[in-house]
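# A closer look at the structure
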Amino acid sequence: MSVKLQEAKAKKSAVDEEALDSLHTLPLSIIPLQTPGLKKAFMIKNARLESAIELFRDSGSGSGQVEAKELHGYFQDVGGALTHDLIILEKLSSLESFDIYSLRLELRNLDIGFEDFSALQLSEAKRAELTEYMRAFTRPLIQRVYGGDQSEGVSDVGEIIKMVASPDRNEAVAKLKRLAEELNTELTEVPKFLERYGDIFLSLSYFRNCLDKIMRQIPTFISWMEELHSNYQIQNDRNQLKVLIEIESDLNEISTSLVGRFEYFNHRSHDFWDNISADSFQSFQELVTAHHVSIGAVLCGLAVKMNLYEARFPNHGGGPVKRLEFINSEIKPGLKRIKDIEQRVGAVK
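Rules of the game
- Residues numbered from 1 in each chain as written.
- Predicted model: local features only at pLDDT ≥ 70, side-chain atom pairs only at ≥ 80, totals over all residues.
- Heavy atoms only, no water.
- Helix = DSSP H or I, 4+ residues; strand = E, 2+ residues; numbered from the N terminus.
- Buried < 20%, exposed > 50% of the residue type's maximum accessible area, 1.4 Å probe, protein only.
- Contact = heavy atoms within 4.5 Å.
- Lys, Arg positive; Asp, Glu negative; His and termini not counted.
- Charge placed at Lys NZ, Arg CZ, Asp CG, Glu CD.
- Axes fitted to C-alpha atoms, helices over the stretch in contact; angles between N-to-C directions.
- Parallel < 35°, antiparallel > 145°, perpendicular 65-115°, else oblique.
- Left-handed = near helix turned anticlockwise from the far one by under 90°.
- Nonpolar A, V, L, I, M, F, W, Y, C, P; charged D, E, K, R; others polar.
- Salt bridge = Lys/Arg side-chain N within 4 Å of Asp/Glu carboxyl O.
- Polar contact = N/O pair within 3.5 Å; in protein donor to acceptor, adjacent residues only side chain to side chain.
- Expected span 1.5 Å × (residues − 1).
- Pairing = 2+ DSSP bridges.

Turning our attention to the overall build of the protein chain. From N to C terminus, the protein chain includes 13 helices and 4 strands. Along the first, second and third principal axes, the C-alpha set of the protein chain runs to 70 × 55 × 35 Å. Per-residue burial over the protein chain gives 48% buried out of 349 residues. Once local pairs closer than 6 in sequence are excluded, the contacts in the protein chain between residues at least 24 apart make up 64%. Averaging the positions of the 42 positive and the 52 negative side-chain charges in the protein chain gives two centres separated by 2 Å.

The structure is reproduced here in C-alpha cells:
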C-alpha cells in the first residue's frame, strides 16, 4: 500500500471515529452498502431533524446534502446495487439519532444485514474526554475494592476498570471475592460484570457530556431570542411573539425533564451500591438501556439546533429579520417532535 493511500485510509478512519462520537452523524462506511461511492458518505440530521446524505463537506464549499431518493442523479445503479442501498438508507432515515448507543439497539431491529457491532465504539479521544464523568460512577466500585479513590491521574475510563479487574493488593483480591459473592457469581465472572458496568456507565457519561454542552448553549440562545421581545415589529405581531414564547417554554421544559432523568439515574446507581446484587444491577442496566434511544433522540435534536445557532451566529449578533428567519426556519421545525418524545418517556420513576 502506498504512503498516500495509507494516509488517506488513516484520515478516513479518523473522520469515521469523529462521526461515531457524534449524536447526529452516521458514517456509511460501517453500513453494508453495495455502492462504493456511498461508503465515503455520511447520513446526517439537518436542522429540520430530517435525515440527509452528506456527499462532501469542506470549509470552502460547505456541506453537500441530498435526500436519499436523489442519489440516482449521483450514482449509477450497477447491478441493482443502488436500489439495494436505497432500501437500507430509507430504513436508516427513520432513526431519530445516530449515537452509538441508539445504533446498538436500533440496528438489530432494522434487518439491514448489519453485523459489525464491534464498530460501534467511542473513539479513544472521546473516552479520555469522558474520564471525569466516569470517575463519579467508578468511585464507589474502586472504594469497595481498594477502600479509597485510586483513580487520580488515570487518563482513560478503561484504565479505571482495569485497576479493579487486576488489583495489585491481596486485600483488594479478597474484596473482589466478596463482590463476587454479593453478585452471586464466580470470581472469574467478575471481569464480565466489570465490562458491563463500565459500558453502561460510559453510556451515561457520554449522554451527560452531550447534555452539559447543550445546557450551556440553551440559556445563551434563549437570551439571544428574548432580545427580540423589545423589537417594535415583534411587539406588534402577537402571533410571532407567541411563537418565541412557546419555543422558550419548550426548550426549558425539555432540558429540565432531561436533567431530571439523569438525576434519577444517579439516584438508582447509588441504590445499586447500597443493595448490591446481580438482580439490582440487571434492573439498573435495563432501565438505562431502555432510555438510550429516547435520550439519544432528544439530545440529537437539541444538539443539531444549538450547534447550528452557534455556527450561524458565532458572536450572538444578527438583526431582528435574520434572527426571526433563523428561528422560524431552523429552530421551530421538529422542536415539537423533540418535546413529544421527552414527554412520553421523561417520567422515569
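Moving on from the coordinates now.
Here the focus is the packing of helix 11 (residues 278-312) against helix 13 (residues 335-345). At a minimum axis separation of 10 Å, helix 11 and helix 13 run at an interaxial angle of 150 degrees. It follows that helix 11 is roughly antiparallel to helix 13 by the angle criterion. Seen from above, helix 11 lies across helix 13 with left-handed handedness. In this structure, helix 11 uses His291, Ser294, Ala297, Val298, Gly301, Leu302 and Lys305 to contact helix 13, whose residues at the interface are Leu335, Ile338, Ile341, Glu342 and Val345. When grouped by side-chain class, the residues that make up the contact of helix 11 with helix 13 number 7 nonpolar, 3 polar and 2 charged.

Next up on the list: the pattern of salt bridges. As enumerated under the stated definition, the model contains 15 salt bridges in all. Of the charged contacts in the structure, one is a salt bridge between aspartate 199 and arginine 104, with a shortest N-O distance of 2.7 Å. On the criterion of sequence distance, the pair formed by aspartate 199 in helix 8 (residues 190-226) and arginine 104 in helix 3 (residues 100-109) is long-range, its members being 95 residues apart. A salt bridge links arginine 178 to glutamate 181; the shortest N-O distance between them is 3.5 Å. Linking arginine 178 with glutamate 181, this pair stays in helix 7 (residues 170-182), spanning 3 residues, or about one helical turn. Overlapping salt bridges, with partners in common, bring together Arg178, Glu181 and Glu182 in one network.

All buried positions along helix 3 are accounted for by Ile100, Tyr101, Ser102, Leu103, Arg104 and Leu107. The N-terminus of helix 3 is capped by aspartate 99, whose side-chain oxygen sits 3.0 Å from the backbone nitrogen of tyrosine 101. Where helix 3 terminates, the next one or two residues include aspartate 111, which has phi positive at roughly 55 degrees.

End to end, helix 2 (residues 81-93) covers 18 Å across 13 residues, agreeing with the expected 18 Å (1.5 Å per residue, within 8%). Taken together, the buried positions of helix 2 are Ala81, Leu82, Asp85, Leu86, Ile88, Leu89 and Leu92. Those residues of helix 2 hidden inside the fold are in contact with strand 1 (25-27), strand 2 (42-45), strand 3 (51-58) and helix 3.

Every second residue of strand 2 is oriented toward a common face, with Phe42 and Ile44 on one face and Met43 and Lys45 on the other, all of them buried. Note: strand 1 against strand 2, 3 bridges, orientation antiparallel. Paired with proline 27 across the bridge in strand 2 is phenylalanine 42. The pairing of strand 2 with strand 3 spans 4 bridges and is antiparallel.

The subject of this paragraph is the packing of helix 10 (residues 238-274) against helix 11. Helix-helix packing: each pair is described by the crossing angle between the helix axes and the interaxial distance. Look at helix 10 against helix 11: their axes get within 11 Å of each other, and the N-to-C directions meet at 160 degrees. What the angle tells us is that helix 10 and helix 11 run roughly antiparallel. Note on packing geometry: the crossing formed by helix 10 with helix 11 is left-handed. Counted together, Leu251, Ile254, Leu258, Arg261, Phe262, Tyr264, Phe265, Arg268, Ser269 and Phe272 of helix 10 and Ser280, Phe281, Ser283, Phe284, Leu287, Val288, His291, Ser294, Ile295, Val298, Leu299 and Leu302 of helix 11 form the full contact between these two elements. Taken together, the residues that form the contact of helix 10 with helix 11 break down as 15 nonpolar, 5 polar and 2 charged.

Take it as geometry only, folks, not as evidence of what the structure does.
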